[in-house]
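Each chain, written out:
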Amino acid sequence: MVFRFPKSLDPITLFHSPTLPSSKRAFNILKQASATATETATEDQASDYPEHAKRQRGEFQLEVTTAAPTPDQLRNILDYVGSGVKPSDLVRGAKDAKEALELFKKDEGRFVRPVTVDWTHGSAVIGDNESEILKMVHQLDVD
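Residues numbered from 1 in each chain as written. Predicted model: local features only at pLDDT ≥ 70, side-chain atom pairs only at ≥ 80, totals over all residues. Heavy atoms only, no water.

The name given to the protein chain in an unreviewed UniProt entry is Thioredoxin-like protein, and the organism recorded there is Aspergillus hiratsukae. According to the UniProt record, the Function (unreviewed entry) comment for the protein chain reads "Putative mitochondrial redox protein which could be involved in the reduction of small toxic molecules." The heading Sequence similarities (unreviewed entry) in the UniProt record of the protein chain holds the text "Belongs to the FMP46 family." (UniProt positions renumbered as here; feature names shortened; annotations may be inferred.)

So, in structure tokens, the structure goes:
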């Protein structure tokens, strides 16, 4: 028998505001995806389980926070969202990433929620775009 340490679950963080309908939707999408991934992990042990399902990420650790990200986390998120997203989509009033960080340090309330972040695979989704969030959480493992 070979002993292996259990693989730690990939952390996915939702920067959440319970008062915003879009944030509630993002939370519900993630909660459902997490529950589905947990079921899949159990079924995955059956040998006749479809091969494509075995390649999906599987379980992940959902972290939900109403706190703003740290400046370092915000810097990473700005990198993760890619070129199609303006810094002002993440920090109200920012013209570029440098200004986004400066404005954020002065007033964390400028941070736009909800934002879902996959720290392991370096991606982030702003808002409650269900297909983008699901694409992120079902990302194929690259190991």
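Here we take up the packing of aromatic side chains. A ring pair, where both rings are aromatic, is described by two values, the distance of the centres and the angle of the planes. Taken as a whole and judged by the stated rule, the model has four aromatic pairs. Between tyrosine 80 and tryptophan 119, the aromatic rings sit 6.1 Å apart at their centres with planes inclined by 65 degrees, giving edge-to-face as the arrangement. Of this pair, tyrosine 80 sits in helix H3 (residues 71-80) while tryptophan 119 sits in the loop between strand E3 (115-118) and strand E4 (123-126), placing them 39 residues apart in sequence. Here phenylalanine 104 and phenylalanine 111 contribute two aromatic rings whose centre-to-centre distance is 6.2 Å and whose plane-to-plane angle is 70 degrees, an arrangement assigned as edge-to-face. Neither residue differs from the other here; phenylalanine 104 and phenylalanine 111 are each classed as buried. Members of the aromatic cluster, joined through ring pairs, are Phe15, Tyr80, Phe104, Phe111 and Trp119. (Phe/Tyr/Trp six-rings, centres within 6.5 Å; stacked < 30°, edge-to-face > 60°. Helix = DSSP H or I, 4+ residues; strand = E, 2+ residues; numbered from the N terminus. Buried < 20%, exposed > 50% of the residue type's maximum accessible area, 1.4 Å probe, protein only.)

This brings us to the nonpolar core. Core analysis: the largest hydrophobic core is formed by 18 residues, its most contacted members being Leu74, Ile77, Leu90 and Val91. Counting only elements with at least two residues in this core, the list comes to H3, helix H5 (97-106) and E3. Here this core gets four residues from one element, more than from any other, and that element is H5. Those residues within four positions of leucine 74 in sequence are excluded, and the remaining contacts are Pro69, Leu90, Val91, Ala100, Leu101, Phe104 and Phe111. (Core = buried A, V, L, I, M, F, W, Y, C linked by side-chain atoms within 4.5 Å. Contact = heavy atoms within 4.5 Å.)

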